[in-house]
Each structure stands twice: as structure tokens, then as C-alpha cells.
Amino acid sequence: MSEIIRCGWCGTDPLYVKYHDEEWGKPVYDDQTLFEFLILEGAQAGLSWITILKRREGYKAAFAGFDVQKVAAFTEADEERLMNDAGIIRNKLKVKAAITNARLFIEIQKEFGSFSDFIWGFLPDKKPIVNVVKSLTDVPARTEISDAISKDMKKRGFKFFGTTICYAHMQATGMVNDHIEGCISKARK
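Conventions and cut-offs
- Residues numbered from 1 in each chain as written.
- Predicted model: local features only at pLDDT ≥ 70, side-chain atom pairs only at ≥ 80, totals over all residues.
- Heavy atoms only, no water.
- Helix = DSSP H or I, 4+ residues; strand = E, 2+ residues; numbered from the N terminus.
- Rg over C-alpha atoms; globule rule 2.2 N^0.38 Å.
- Buried < 20%, exposed > 50% of the residue type's maximum accessible area, 1.4 Å probe, protein only.
- Salt bridge = Lys/Arg side-chain N within 4 Å of Asp/Glu carboxyl O.
- Core = buried A, V, L, I, M, F, W, Y, C linked by side-chain atoms within 4.5 Å.
- Contact = heavy atoms within 4.5 Å.
- Expected span 1.5 Å × (residues − 1).

Trainee: Is there a simple way to explain the overall build of the protein in this structure?
Mentor: Tallying secondary structure elements over the protein gives ten helices and two strands in all. Relative to the 2.2 N^0.38 estimate, which gives 16 Å for 189 residues, the radius of gyration of the protein is 17 Å and therefore close to what a compact globule would have. C-alpha atoms of the protein, sized along the principal axes, occupy 55 × 35 × 25 Å. By residue count, 47% of the 189 residues in the protein fall in the buried class.

Trainee: Looking at this model, I keep getting lost on the pattern of salt bridges. Mind explaining?
Mentor: Pairing of side chains with opposite charge becomes possible as their charged atoms draw close. Tallied over the full model, the rule gives 13 salt bridges. Between Glu22 and Lys18 there is a salt bridge whose closest N-O contact spans 2.7 Å. Taken as a pair, Glu22 and Lys18 lie in helix H1 (residues 14–22) at a separation of four residues, close to a single helical turn. Glu107 is the salt-bridge partner of Lys110, the closest N and O atoms lying 3.7 Å from each other. Remark: Glu107 and Lys110 occur in helix H7 (residues 92–112); sequence separation between them is three residues, near one turn of the helix. Three or more residues joined by partner-sharing salt bridges are found here, namely Glu23, Glu36 and Arg56.

Trainee: Help me understand the nonpolar core, please; the structure alone is not making it clear to me.
Mentor: A general feature of soluble globular proteins is that nonpolar side chains tend to end up buried together. One finds Phe35, Tyr59 and Phe63 to be the most contacted residues of the largest nonpolar core, which totals 56 residues. In terms of residues, this core owes the most to one element, H7, which gives eight residues. Excluding residues that lie within four positions of it along the chain, Phe35 makes contacts with Phe66, Asp67, Val68, Val71, Ala102 and Phe105.

Trainee: When you look at the environment of Trp24 in this model, what are you seeing that I'm missing?
Mentor: Tracing the sequence through the fold places Trp24 in the loop between H1 and helix H2 (31–44). Taking C-alpha positions, Trp24 is 17 Å from Lys134, a pair spaced 110 residues apart along the chain. The contacts of Trp24, once residues within four sequence positions are left out, are Cys7, Trp9, Tyr19, Gln171, Ala172, Asp178 and His179.

Trainee: I keep staring at the environment of Met153 and nothing clicks. Help me out?
Mentor: Here Met153 lies in helix H9 (residues 144–156). Classification of Met153 as buried rests on a relative accessible area of 0%. On a C-alpha basis, the gap between Met153 and Cys166 in space is 9.6 Å, while along the polypeptide they are 13 residues apart. Contacts of Met153, omitting those with residues within four sequence positions, involve Leu38, Phe115, Phe118, Phe158 and Phe161.

Trainee: Which parts of the structure should I look at to understand H7?
Mentor: An α-helical segment advances 3.6 residues per turn. Residues three or four places apart therefore align on the same side. With 21 residues, H7 extends 30 Å from end C-alpha to end C-alpha; this agrees with the ideal 30 Å at 1.5 Å per step. Those residues of H7 that fall on the buried side of the exposure criterion are Lys94, Val95, Ala97, Ala98, Ile99, Asn101, Ala102, Leu104, Phe105, Ile106, Ile108 and Gln109. Tucked inside the fold, the buried residues of H7 contact H2, helix H5 (68–72), helix H6 (76–83), helix H8 (115–120) and H9. One or two residues past the end of H7 sits Gly113, with phi positive at roughly 95°.

Trainee: Can you walk me through the side chain of Ser146 in this structure?
Mentor: The topology assignment puts Ser146 in helix H9. Looking at Ser146, the relative accessible area reads 0%, which means it is buried. Among residues more than four places away in sequence, those in contact with Ser146 are Thr163, Cys166, Tyr167 and Met170.

Taken by themselves, the reported measurements are silent on function.
Have a look at this one:
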């Protein structure tokens, strides 16, 4: 019986393994899911992904099921509510950024038809990049494409979406596939 190979970063935590096996590196074209990861990746800044993953349901509840229209309409009262919500990371800058980013996300949808068309438009032929990754040390923290996306989004006013967070977003939404060679999820794009 052969041993199952997974990317080392997911360890053995069942939540992390499920995320690795079922989501990470699989192409996402749905705006709601892209918005969800925008919120979650921004919340992760300076923290580990597992910290956010364990609070994912809390974020879903706090941020109206990741409904971008509802989040964009959040008021100062909603900001206060979020700052008292133990189910999320209570960082005022990140909370404000999530609401601002929701409003900007809608602007991109209006301009490009969908956020998906906008962000995937940075990739050659709008196709996922499948990298050859022999070990975790081969995985970059950023690329020229993540630099370009981040620069464009910052120019539009997005917060907590620097090039490293952008690259993590690209990995999470399958714009890039950085599963190591031999990983059970590498072939299942």
C-alpha cells in the first residue's frame, strides 16, 4: 500500500487536510468565493492560515455569508458589532478594510462584468498556472503576476492585499497550483 503524499504545510489537522485536499489550488471563478477568500486572506495578514481557517464559519456569519452587496452596505454600527465578535480577528484596520474592499470589489464587477474576469485576466489565456514544485522551498511568496494584481488593486484603493497576500489568494483560488510533485491534489486541478 502506497503512502498518501500531501503538501507538508497542511500537517495532520483534519481541517487543514480537508482544505488542502478539497479547495487549495482548485480554480475558482465564482465571485462570491473569490470575495470570501479576499476577506479571509486579508484577515490572515500577519497570522497563520490555520488561525483563519478555524474561524471561517465565524467570518461567514459575521460577514453576511460573504455577500458582497451586504458587506459593502455595512455601517459604523456593523464595524462596532464586528469589533465585538469573538468569531473573527478583531482588528479595526482589517474590519474596515474588508468593508472598503467589498465596495471596491463591486466597482470592479461593474467595470469588468465580474471580479473573476478581472483577476483571471492577469493570467495568460485566463488559465491556471501549474508550477513544478519539488519541495515547499520551491514555492514563491510572490511573483510578477501577484505584483501586478496587487499594484492594480492598491491603486484602486484595496487594503490588506499586498503581493504576498495576493499570491496566497491566487493559490487558494487555483490561479496557481503549487501542490508538490506527487501530492494527491496535484493532478486534481
